[in-house]
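# Architecture at a glance
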Amino acid sequence: VPDPAQPAPAPAGSVLRFEGVHFRWLAEREEVFSGLTLEVPAGARVALLGPSGIGKSTLAALALKVAAPQQGRILLGGVHIATLNAADVRARIGWLSQATHLFDDTIRGNLLLARPDADDAALWTALDAARIGDVVRELPDGLETWVGEGGTRFSGGQGRRLVLARALLTEAKLLILDEPCAGLDADTERDFLSTLNEAAQGRSVILIAHRLTGVERLDRIYRLSGGLAVAAAA
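A short tour of the structure in this document, coming up. Nothing here was measured: the structure is a model prediction, and the numbers come from that model.

What follows concerns the side chain of Ser97. Along the chain, the position of Ser97 falls in strand 6 (residues 93-97). Among the residues examined, Ser97 registers a relative accessible area of 4% and is labelled buried. Setting aside its immediate chain neighbours within four residues, Ser97 contacts Asp178, Glu179 and Pro180.

Below is the structure:
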């Protein structure tokens with residue numbers, strides 16, 4: 001999605017709103033969304049549920065300005081994101097998914113991708129919020145521990161917590177969590193989501209998932225169906 005020639009100033013607010021959004025990936029394919037309207041208030045925790053292929057990850061792509069709707073508007077802080085630079089949008093929206101990558105670098109190097117100017121105190125704060133700080137402290141090399149490509153030197157749950165720490169290190173007021181627990185066993189999934197409940201305090205959260213485990217703290221629940229978001233009981 002190209003940036004506008006004269007971008008609007010970055011918004012101060014973090015309310016995310018989809019207004020009558022129509023979207024399809026290719027002209028010959030069916031619409032993923034056919035008039036989607038959805039609002040995520042500042043500080044709210046919203047779950048988007050549905051089976052694979054229903055459009056959950058497409059919604060994240062639209063919010064992050066990786067794709068643009070054919071009709072409708074997406075507003076961030078009251079500003080149409082089509083008028084914003086993608087970098088300004090992504091500075092305000094953090095993204096964490098099952099595919100979020102850990103690179104063959106140190107823990108420090110992986111964390112600094114989110115905020116290159118972060119000092120050690122900020123790194124430890126993020127690691128502690130993700131409940132992985134004590135594990136890192138026990139490692140002989142601490143922050144200089146090599147992670148391995150894809151985080152191979154850590155368990156799946158530990159790797160996901162390192163990625164969460166990186167997301168928390170950003171100053172993004174909205175976090176999109178796209179199937180963040182996929183591939184984890186049930187106990188690890190519940191532990192990870194319990195951590196999220198505390199770690200994301202003060203930020204808006206969109207949790208994209210097939211189902212809920214029962215430990216999530218949510219304000220609103222929507223099911224994606226027929227190209228629309230249908231409110232469900234929270």
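Still more ground to cover, so stick around.
Okay, the pairing of strand 4 (residues 71-76) next. Two faces belong to every sheet, and in a regular strand the side chains alternate between them. The sheet contact formed by strand 1 (residues 16-23) and strand 4 spans five bridges and is antiparallel. By the bridge assignment for strand 4, His22 is matched with Gln71. Relative to strand 5 (residues 79-80), strand 4 runs antiparallel, the two being bridged by two bridges. Counted as the bridge partner of Leu75 is His80 from strand 5. Counted between consecutive antiparallel strands, the loop separating strand 4 from strand 5 contains two residues, among which Gly77 sits at a positive phi close to 60 degrees.

Scanning the entire structure with this criterion turns up 12 salt bridges. In this structure, the salt-bridge partner of Arg17 is Glu19, at a minimum N-O distance of 3.0 Å. Under the relative-accessibility criterion, Arg17 is labelled partly exposed at 27%. The partly exposed category is assigned to Glu19, whose relative accessible area is 24%. The salt bridge involving Glu189 is made with Arg211; its shortest N-O contact spans 3.1 Å. Residue Glu189 is found in helix 7 (residues 186-199), and its partner Arg211 is found in the loop between strand 8 (204-209) and strand 9 (220-225); the two are separated by 22 residues along the sequence.

We now examine helix 1 (residues 56-63). Since the α-helix packs 3.6 residues into each turn, any two residues three or four apart lie on the same face. The buried fraction of helix 1 amounts to seven of the eight residues, a majority that puts the element mostly inside the structure. All of the buried residues in helix 1 are Lys56, Thr58, Leu59, Ala60, Ala61, Leu62 and Ala63. One or two steps after helix 1, the chain reaches Lys65, where phi turns positive at roughly 60 degrees.

The next point concerns helix 6 (residues 156-169). The end-to-end C-alpha separation of helix 6 is 20 Å, in line with the 20 Å expected for 14 residues at 1.5 Å each. Counting buried positions over the 14 residues of helix 6 gives 12, a clear majority of the element. Looking at helix 6, one finds that the buried residues are Gly157, Gly159, Arg160, Arg161, Leu162, Val163, Leu164, Ala165, Arg166, Ala167, Leu168 and Leu169. Summarising the contacts, the buried residues of helix 6 are in contact with strand 6, helix 3 (107-112), helix 4 (120-129), helix 5 (133-138), strand 7 (174-178) and helix 7.

Relative to the helices and strands, Thr145 resides in the loop between helix 5 and helix 6. Thr145 sits 32 residues away from Leu113 along the chain, and the two C-alpha atoms are 16 Å apart. Filtering out sequence-adjacent residues up to four positions away, Thr145 remains in contact with Asp105, Thr106, Ile107, Leu139 and Phe154.

This part covers the sheet that holds strand 1. Read across the open sheet, the four strands follow the order 2-1-4-5; overall the sheet is antiparallel. Across the chains shown, the open sheet's two edge strands, defined by having one partner strand only, are strand 2 (33-40) and strand 5. Inspection of the sheet shows strand 1 paired to strand 2 by six bridges, in the antiparallel sense. If you follow Phe23 over to strand 2, its bridge partner there is Phe33. Packed onto the sheet, helix 1 meets strand 1, strand 2 and strand 4 and runs at close to 115 degrees relative to strand 1.

Calculation criteria
Residues numbered from 1 in each chain as written. Predicted model: local features only at pLDDT ≥ 70, side-chain atom pairs only at ≥ 80, totals over all residues. Heavy atoms only, no water. Helix = DSSP H or I, 4+ residues; strand = E, 2+ residues; numbered from the N terminus. Buried < 20%, exposed > 50% of the residue type's maximum accessible area, 1.4 Å probe, protein only. Contact = heavy atoms within 4.5 Å. Pairing = 2+ DSSP bridges. Salt bridge = Lys/Arg side-chain N within 4 Å of Asp/Glu carboxyl O. Expected span 1.5 Å × (residues − 1). Axes fitted to C-alpha atoms, helices over the stretch in contact; angles between N-to-C directions.

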